[in-house]
Amino acid sequence: VNPVVNKTYNVQICKGDTYTAAGKQQSQTGKYVDTTQSYLGCDSITTTYLIVNPLPTDFLPADTMMCLDKTLILSLSKYTTIAWNTGSVSPSFTVTAPGTYSAKVIDRNGCAGEDSINVLFQKCIPIQIPTAFTPNHDGRNDVFRPVIPVLLKNYKMQIFSRWGVLLFETTQYTNGWNGTYKGEVQSNGVYVYFITFVDDDGFAVAKKGTFVLLK
């Protein structure tokens, strides 16, 4: 009595590739069984466990804006092969200038992928903007205004209600909002500020955000 021949294969491929199993070109993860005859005329059963590995994607951070005095370190240490568009093949790359940086990689499964990141640089000014103020006339934190430690011009600050009503506007940096509108003290809640100015180097700055009025 001649035996049935059983063979089992564990196969891994990359997405987009195919592997012949069960008489067809397979491209999906799964179990595939193919029955043929051995040279002795008995069943020869070949079982293939196929795993389709994904290609490396989105392995670089999203496009980002950096301050001029900062650097961005891009690390791809988990990949076996790395090729940056700068010519570097190091797992780690330090961005010090604006531009588009891309990398082609091969992972531990032998799958190849490519990703890129756009990096921009801007002058960052250490503006301090309160997150809340208390216009209760106690002499502390009664007025909302930013602290901007640079010489500036073309200054403008606008305060809006949550419904978009303009409550306050000034072009004088020393002026702040005292929490009133048409002589009426506004209720507790969240308000929106929009601040624009040009610094002494001619750099235009725009800041928008929210703060809380607490009485």
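In short, a report on the structure.

Calculation notes
Residues numbered from 1 in each chain as written. Predicted model: local features only at pLDDT ≥ 70, side-chain atom pairs only at ≥ 80, totals over all residues. Heavy atoms only, no water. Pairing = 2+ DSSP bridges. Helix = DSSP H or I, 4+ residues; strand = E, 2+ residues; numbered from the N terminus. Buried < 20%, exposed > 50% of the residue type's maximum accessible area, 1.4 Å probe, protein only. Contact = heavy atoms within 4.5 Å. Phe/Tyr/Trp six-rings, centres within 6.5 Å; stacked < 30°, edge-to-face > 60°. Disulfide = S-S within 2.5 Å.

### Focus on the pairing of strand β18 (residues 204-213)
Here strand β12 (residues 132-133) pairs with β18 via two bridges, running parallel. Note on β18: the bridge partner recorded for A132 is V212. Linkage of strand β17 (residues 189-199) to β18, two consecutive antiparallel strands, is achieved through a turn of four residues, within which G202 is found at a positive phi near 85°.

### A closer look at the environment of I13
By the element assignment, I13 lies in strand β1 (residues 5-14). By relative accessible area, which is 10% here, I13 ends up buried. In this structure the C-alpha to C-alpha distance between I13 and N109, which are 96 residues apart in sequence, comes to 8.0 Å. In this structure I13 touches T18, Y19, Q26, L50, I51, V52 and N53, once residues within four positions along its chain are discounted.

### What about the packing of aromatic side chains?
Applying the stated criterion across every chain, the model contains 13 aromatic pairs. Centre to centre, the rings of W177 and F211 are 6.2 Å apart; their planes meet at 80°, and the pair counts as edge-to-face. In this pair, W177 is assigned in the loop between β14 (166-170) and β15 (180-181) and F211 in strand β18, connecting sequence segments 34 residues apart. The class of W177 is buried, set by a relative accessible area of 0%. Judged by relative accessible area, which is 1%, F211 ranks as buried.

### Looking at the sheet that holds β17
Reading across from one edge, β12-β18-β17-β13-β14 is the order of the five strands in this open sheet, with mixed pairing throughout. Each end of this open sheet is capped by a strand with a single partner; those strands are β12 and β14.

### A closer look at the state of the cysteines
Overall, the coordinates contain two disulfides when judged by the stated rule. Linked covalently through their sulfurs, C14 and C111 form a disulfide whose S-S length is 2.1 Å. Of note, the bridge from C14 to C111 carries an S-S torsion of about -100° and is left-handed in sense. Note that C14 is positioned in strand β1 and C111 in the loop between β10 (99-106) and β11 (112-122), a separation of 97 residues in sequence. Looking at C14, the relative accessible area reads 9%, which means it is buried. Each sulfur of the disulfide joining C67 and C124 lies 1.9 Å from the other. Across the S-S bond of C67 and C124 the torsion is about -95°, and the bridge reads as left-handed. With C67 in strand β6 (residues 64-67) and C124 in the loop between β11 and β12, the pair connects residues that are 57 residues apart, well separated along the chain. Residue C124 is classed as partly exposed on the basis of its relative accessible area of 35%. The disulfide pattern of the protein chain is 1-3, 2-4 when the bonded cysteines are numbered in sequence order.

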